[in-house]
Amino acid sequence: MLRFTPILLILLYAAAMWYFSLWRLKAELNSRSTPLDHPRLKPMLQRLGKAMDLPPIRAHVYEIPAVNGLAAPDGRVFLTRGFLDRLDRDEVTEAELASVIAHELGHVAHGHSRRRMVDFAGQNVIRAVLAGVLGRFIPGIGAWLAGLVAAVVAARLSRQDEFEADAFASALMIKAGLGTEPQKSLFRKLDRLAGPRGASPAWLMSHPRTDARIAAIEKLESRWQPR
């Protein structure tokens, strides 16, 4: 029985990390969010809801200055205050922000948000185990290598999720009569709006490259066109 103790401890650690991360994220969003009630976005929420045979989509504002969208594990979708500020300054359009909401709905539909919380806990376990093992054989850099391996795994999973959410958003935007051009035009603006992402290699980025995302959408468009 004692030989299984390290495995049980690892599993308990992963479960504790998952519950703690989920609780912390929920508390943060509850304390720093408000209902999305922007008059310029209400028609967009109605159109997205109608396209899904639902009432107007309910979204929230995450009160931080960064430019981003978010899908919470409990199914809520958020735009940051930074995005709404850009809308008020006419740096982005209503349809472009509708594409962000559609993208976050894609994460919800595919279950990405909840799975990412599980992945996060798993990555911490991988990091801890590898750091312990590699630290014995490569003192000094074992922990760094363990962190790198966990980061690569996380980035690859995240990029796959982004492509899936993009595809969902494209289909929903087309069904809502908005088309995919707002989605693609926003991608072209994102680097300027959000600031440079630095010189990280593409395989370490949590989001795919902008040109790859646009190319994937255009490939879907060519398949969806009537023959």
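Reading the values: rules and limits
Along each chain, numbering runs from 1 in the same order as the chain's sequence is written. Local features are withheld for residues below a pLDDT of 70 in this predicted model, meaning they are given only at 70 or higher, and side-chain atom pairs are given and counted only at 80 or more; totals for whole chains, interfaces and linings count all residues. Where side-chain values are given, they derive from all heavy atoms of the structure, hydrogens and water being excluded. Remark: nonpolar core denotes a set of buried residues (Ala, Val, Leu, Ile, Met, Phe, Trp, Tyr, Cys) joined through side-chain atoms within 4.5 Å. When accessible area is computed with a 1.4 Å probe and restricted to protein chains, residues below 20% of their type maximum are described as buried, those above 50% as exposed, and intermediate ones as partly exposed. Strands here are runs of E lasting at least two residues and helices are runs of H or I lasting at least four, both read from the DSSP assignment and numbered beginning at the N terminus. Here a residue-residue contact requires only that any non-hydrogen atoms of the pair lie within 4.5 Å. Salt bridges, as used here, are contacts in which a Lys or Arg side-chain nitrogen is within 4 Å of a carboxyl oxygen on Asp or Glu. One bridge is not enough; two strands pair if DSSP finds at least two bridges between them. Orientation is described by lines fitted to C-alpha atoms, with helices fitted over the stretch in contact, and by angles between N-to-C directions that extend from 0 to 180 degrees. Angular relationships are summarised with four words: roughly parallel below 35 degrees, roughly antiparallel beyond 145, roughly perpendicular across 65 to 115, and oblique for the angles in between. Handedness of each helix crossing follows the sense of rotation of the near helix against the far helix: counterclockwise by less than a right angle gives left-handed, clockwise gives right-handed. Residues are grouped as follows: Ala, Val, Leu, Ile, Met, Phe, Trp, Tyr, Cys and Pro are nonpolar; Asp, Glu, Lys and Arg are charged; every other residue, Gly included, is polar.

Q: Is there a simple way to think about the nonpolar core in this case?
A: Formed by 29 residues in total, the largest nonpolar core has its most connected members in Leu36, Leu41, Leu48, Leu79, Leu97 and Ile101. Counting residues per element, the ones that place at least two in this core are helix 2 (42-51), strand 4 (77-80), helix 3 (81-88), helix 4 (94-110), helix 6 (142-175) and helix 7 (181-194). Tallying contributions element by element places helix 4 first for this core, with six residues. Excluding residues that lie within four positions of it along the chain, Ile101 makes contacts with Leu36, Leu45, Leu48, Ile57, Val77 and Leu79. Counting residues in hydrophobic clusters, the runner-up holds five residues, among them Leu29, Ile64, Ala72 and Phe78.

Q: Sorry if this is basic, but what is going on with the pattern of salt bridges here?
A: Charged atoms that come close allow side chains of opposite charge to pair. Summed over the entire model, instances satisfying the criterion amount to 16 salt bridges. A salt bridge links Arg40 to Glu94; the shortest N-O distance between them is 2.9 Å. Separated by 54 residues along the polypeptide, Arg40 in the loop between strand 1 (33-35) and helix 2 and Glu94 in helix 4 bring together distant segments of the chain. Residue Arg40 is classed as partly exposed on the basis of its relative accessible area of 29%. Across the pair Arg81 and Glu63 runs a salt bridge, and its minimum N-O distance is 2.8 Å. Taken together, the residues span a long stretch of sequence, with Arg81 in helix 3 and Glu63 in the loop between strand 2 (60-62) and strand 3 (69-71) at a distance of 18 residues. Under the relative-accessibility criterion, Glu63 is labelled partly exposed at 28%. The network of salt bridges with common partners includes Glu181, Lys184, Arg188, Glu218 and Glu221.

Q: Teacher, can you tell me more about the sheet that holds strand 3 here?
A: The strands that make up a sheet are held in pairs by hydrogen bonds between backbone atoms, and each pair lies either parallel or antiparallel. What the four strands build is an open sheet, ordered 1-2-4-3; its pairing is mixed. The sheet is open, and its two edges are formed by strand 1 and strand 3, each paired on a single side. Along the sheet, successive strands turn relative to each other by an average axial angle of 30°, direction set aside. Inspection of the sheet shows strand 3 paired to strand 4 by three bridges, in the antiparallel sense. Among the inter-strand pairings, Gly69 is bridged to a residue of strand 4, identified as Leu79. Sheet strands touched by helix 3: strand 1, strand 2, strand 3 and strand 4. Its angle to strand 4, the strand with the most contacts, is close to 60°.

Q: I keep staring at the packing of helix 3 against helix 4 and nothing clicks. Help me out?
A: Packed helices, taken two at a time, are described by the angle their axes make and the gap between the axes. Between helix 3 and helix 4, the shortest axis-to-axis distance is 10 Å and the interhelical angle comes to 160°. When the interaxial angle is binned, helix 3 and helix 4 end up roughly antiparallel. Regarding helix 3 and helix 4, the two cross each other, and that crossing is right-handed. Only Glu94, Leu97 and Val100 of helix 4 make contact with helix 3, whose side of the interface consists of Phe83, Leu84 and Leu87. Considered class by class, the residues forming the contact of helix 3 with helix 4 number five nonpolar, no polar and one charged.

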